[in-house]
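Structural characterization, general
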Amino acid sequence: MLCLSTHAQRGVRIAYIDTEYILENVPEYQEATTQLNAKADKWKNEVQAKLSTIEQRRKDLSNEKALLTNELINEREEDISFEEKEILDYQQKRFGPNGDLFIQKKQLMQPIQDQIFAAVQDLAASRKYDFIFDKSSDAVMLYSARQYDLSDQIIRSITRSAKRTQAASKAERKAAKEEELVPEINYEQEAREKALEERKQTRESAIEKARQEKLAAREAKVKEAEARRQKILDDREKVKQEKLAERNTITETAKGEEEAAKSETTKKGEEEGEVETKTRAQLIEENRQKKLAEREARKKELEERKRKILEDRQKAKDSIN
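The shown structure was predicted, so the numbers you read here are calculated from the model rather than taken from an experiment. (Residues numbered from 1 in each chain as written. Predicted model: local features only at pLDDT ≥ 70, side-chain atom pairs only at ≥ 80, totals over all residues. Heavy atoms only, no water.)

**Comments concerning the overall build of the protein**
- A tally of helices and strands in the protein yields nine helices and two strands.
- Starting at the N terminus and ending at the C terminus, the protein contains elements arranged as α-β-α-α-α-α-β-α-α-α-α.
- Classification of the 321 residues of the protein by burial places 18% in the buried group.
- Residue pairs in contact within the protein that sit at least 24 positions apart in sequence constitute 76% of those at least 6 positions apart.
- Split by element, the accessible area of the protein, about 25400 Å² in all, is 52% carbon and sulfur. (Helix = DSSP H or I, 4+ residues; strand = E, 2+ residues; numbered from the N terminus. Buried < 20%, exposed > 50% of the residue type's maximum accessible area, 1.4 Å probe, protein only. Contact = heavy atoms within 4.5 Å. Areas by Shrake-Rupley, 256 points an atom, 1.4 Å probe, with all protein chains shown as cover.)

Below, the structure written as structure tokens:
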């Protein structure tokens, strides 16, 4: 129970490595891989050259068929098929699932994998890790923090092991042996760093949230101002249309009244012309005076309407501003 309680208080310690990254930084593996790739290229060139030769022989046979007997044609076709089969067997031997390339690559990988496994075991035991995953394996790691990556430490461990193995003198072997394999871990410092990282993430989340809220509020203000502006434009357009309609109505009314006045004047003139009790000159003068009075009255009426229209227009303009 005490062990379980201690483990629970300490928490589960997890880390990971990247085998591909480690192999890329191991000089011995890179050198051997280069040699193996050169050998594979040589095998590919050999196969390609032989296949080209067979293809040329097929073309030659096709061109010479008219000059050969059926027996010779069959014999040469059998020879070509036999050589082609040999080349395909050679290609399978070199590049097949159990071919030389696969076997040599496996032989090349095995020592490095053993070293990586041994270094991981030592590191897990010394630093008390509960789990160490391989990022380059089939396991899906959606996110991995760089601080939990032990790949560089595994590379240093393999390099130190190589130094101890290749050390020529006694002094070099002693120095390599005394070299610190894994640095000491300050668990309190690690806990503080973890707490600082969590606080940093919380602070960054709060800052991002506040920024998003400000952006949302700014966007809402912009939309509100745009709505107010559009409403003002709509109101102005409405007032403008109302004024145009009113102006058209007044103009049509004035025209109708003027025509009615003209018609009435003409009628009165005709009626007065029929009166024979007055002299012709008197009738003409009275008719002229009436026309002048009516024209003056219409003029005053039109002036009054014009003044009223201007006052209404000025009031509407003042209300808009």
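Following the structure, the description resumes.
**Regarding unusual backbone geometry**
- Unlike most non-glycine residues, Lys128 shows phi in positive territory, near 60°.
- In this structure, Lys128 sits in the loop between α5 (100-127) and β2 (131-134).
- Looking at Lys128, the relative accessible area reads 47%, which means it is partly exposed.

**Concerning helix α4 (residues 70-95)**
- Between its terminal C-alpha atoms α4 stretches 37 Å, which fits the 38 Å expected from 26 residues at 1.5 Å a residue.
- For α4, the full list of buried residues reads Ile73, Ile80, Ile87, Tyr90 and Arg94.
- On its buried face, α4 sits against α3 (27-64) and α5. (Expected span 1.5 Å × (residues − 1).)

**Examining the side chain of Thr19**
- Within the element layout of this structure, Thr19 appears in helix α2 (residues 19-24).
- Excluding residues that lie within four positions of it along the chain, Thr19 makes contacts with Ile116, Asp134 and Ser136.

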